[in-house]
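Observations on the model geometry
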Amino acid sequence: MPAFVAVDLGASSGRVMLGRADGGPIELVEVRRFDTGPRTRPDGGLRWDISTMLSETITGIRTAAAADPVSIGLDSWAVDYGLIDASGRLDGDVRCYRDPRTEGKADVLRSRIDDQTLYGVNGLQYLPFNTVYQLLAEPPERLDGHTMLLVPDLLGYLLTGELGAEVTNASTTGLLDAKTRQWSQEVLDASGIPPSLLPPLRQPREHIGLFESIPVVAVASHDTASAVAAVPATRDDFGYISCGTWSLAGLRLSSPVLTEAAREANFTNEAGIDGTTRFLRNTMGLWLLSESLRTWNAELAPLLADAARQPAFAAVIDPNDEVFLTPGDIPARIASQCRRTGQTPPGSPPGIVRTILESLALAHATTLQAAARLANQGVAVVHLVGGGARNELLCQLTADACGLPVLAGPVEASAMGNIIVQANAAGVHAEPSPPFARYEPQGNRHDWIAAARRIGLALG
């Protein structure tokens, strides 16, 4: 069967996957896994170790080359970038979106273009680390004579020498017009960002260049776009949750929703493959759990077992509070938010885990319900893909909160979607793996509605 290499870079770990496809579900094998977590700068800020990512990627590709792959595709998280100088070299650090340098930059842009006009152009959810705000945090001289490359485009450039911006990831920058899918001159003019900074756009399935004689192909390079491409949906009226460090919950639509109601609800319109729109909202996902485990120096499995036996709804939090964005003592911040909302903080690690998972389930449910209302589209089933699909308690709680069946899997959805696009570019039909578990809603829905009210969320 034809083989394809997926380089799938997450915000905590990266992997090189070998996928085989020949008309049916993709067969995936992990070739190499490596740490990608952010590093601390001397000034206390955060950066990505691009040189290590590149060397690990090359090692993985060379190992996979024994299978004579048809092509290579790269995907990663969104918004972060490197700057290539006039000599073709990477200039300075690639900063992490969790670095606090963007504080106040949204107000700078807001003084030049109002929120309603901006949303009408880029259709983007407000997040304090969007690329446009990161660029406003740069000294102006760093933008002159440079080219901005988002992380997967940067790795592609370092492998092939070819500059470009793949459109699904470009749509997360705040600089792309959601309707035309071209760089927005209006936003560039308002922000003062030089147009020369932006490389030519490329589409999924386009040939980028060669790495050691292996073609490199543009895929849906935003990992969520790749994950949505791998959702094994058999009907159109589905919602999806791509659940990992972040939970991204939403709908696949044929066109963006640029209404004032969508802006006020903080929904984003990002590009998907084949002209589709990913209408979704970000939630601070399993980052809350992984940072808590790091604080406790604890293993997940026994805590999950204990959390399943904890009382339901002892406390709930809003996972999207910006206090949870930066690394640190998440359990202490959860306790603080509980006190602010008049709740007794959970008193043990299993109780905190239960609070995190119930709160994420509530965020999933309220987001999908709002998306369906704003897009005027029904949802009959929810597909939960990514690493969170392994978390049985989270999947069951999400089904309970949504009042809908949840189909779990595939886990390696981003790598699978990456390979699907590569296979399609080569004229090979490929399908995602089917869901591996189904969770039916249980319990009393009124309990979820009451829990949502505690933190000011509306659940019908």
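**Brief notes about the side chain of Ser247**
- Among the secondary structure elements, Ser247 is positioned in strand β15 (residues 247-253).
- Ser247 gets classed as buried once you look at its relative accessible area, which sits at 1%.
- With near-sequence residues (within four places) excluded, Ser247 lies in contact with Ile241, Ser242, Arg281, Asn282, Thr283, Gly285 and His364.

**Quick look at the packing of aromatic side chains**
- Inspection of the entire model under this criterion finds eight aromatic pairs.
- Relative to Trp246, the ring of Tyr97 has its centre 6.2 Å away and its plane inclined at 50°; by these criteria the two rings are tilted. Taken together, the positions of Tyr97 in the loop between β8 (94-95) and α2 (105-110) and Trp246 in the loop between β14 (238-243) and β15 put the pair 149 residues apart, joining distant regions of the chain. Each member of the pair Tyr97 and Trp246 is classed as buried.
- Its end group placed over the ring of Trp287, Arg98 keeps NZ or CZ at 3.6 Å from the ring centre.

**Here we look at the side chain of Ser13**
- Structurally, Ser13 can be placed in strand β2 (residues 13-20).
- Given the relative accessible area of 17%, Ser13 is considered buried.
- A distance of 3.4 Å separates polar atoms of two side chains, one belonging to Ser13 and the other to Arg15.
- Ignoring sequence-local partners within four residues, the contact set of Ser13 consists of Asp8, Arg33, Phe34, Asp35 and Thr36.

**A short note on the pairing of β2**
- With seven of eight residues buried, β2 is to be regarded as a mostly interior element.
- Inspection of the sheet shows strand β1 (residues 3-9) paired to β2 by seven bridges, in the antiparallel sense. Counterpart to Phe4 in the pairing with β2 is Gly19.
- The hairpin formed by β1 and β2 contains three residues between the paired strands.
- The sheet contact formed by β2 and strand β3 (residues 27-35) spans eight bridges and is antiparallel.

Cut-offs and rules
Residues numbered from 1 in each chain as written. Predicted model: local features only at pLDDT ≥ 70, side-chain atom pairs only at ≥ 80, totals over all residues. Heavy atoms only, no water. Helix = DSSP H or I, 4+ residues; strand = E, 2+ residues; numbered from the N terminus. Buried < 20%, exposed > 50% of the residue type's maximum accessible area, 1.4 Å probe, protein only. Contact = heavy atoms within 4.5 Å. Phe/Tyr/Trp six-rings, centres within 6.5 Å; stacked < 30°, edge-to-face > 60°. Lys NZ or Arg CZ within 6 Å of the ring centre and 35° of its normal. Polar contact = N/O pair within 3.5 Å; in protein donor to acceptor, adjacent residues only side chain to side chain. Pairing = 2+ DSSP bridges.

These figures capture arrangement, not role.
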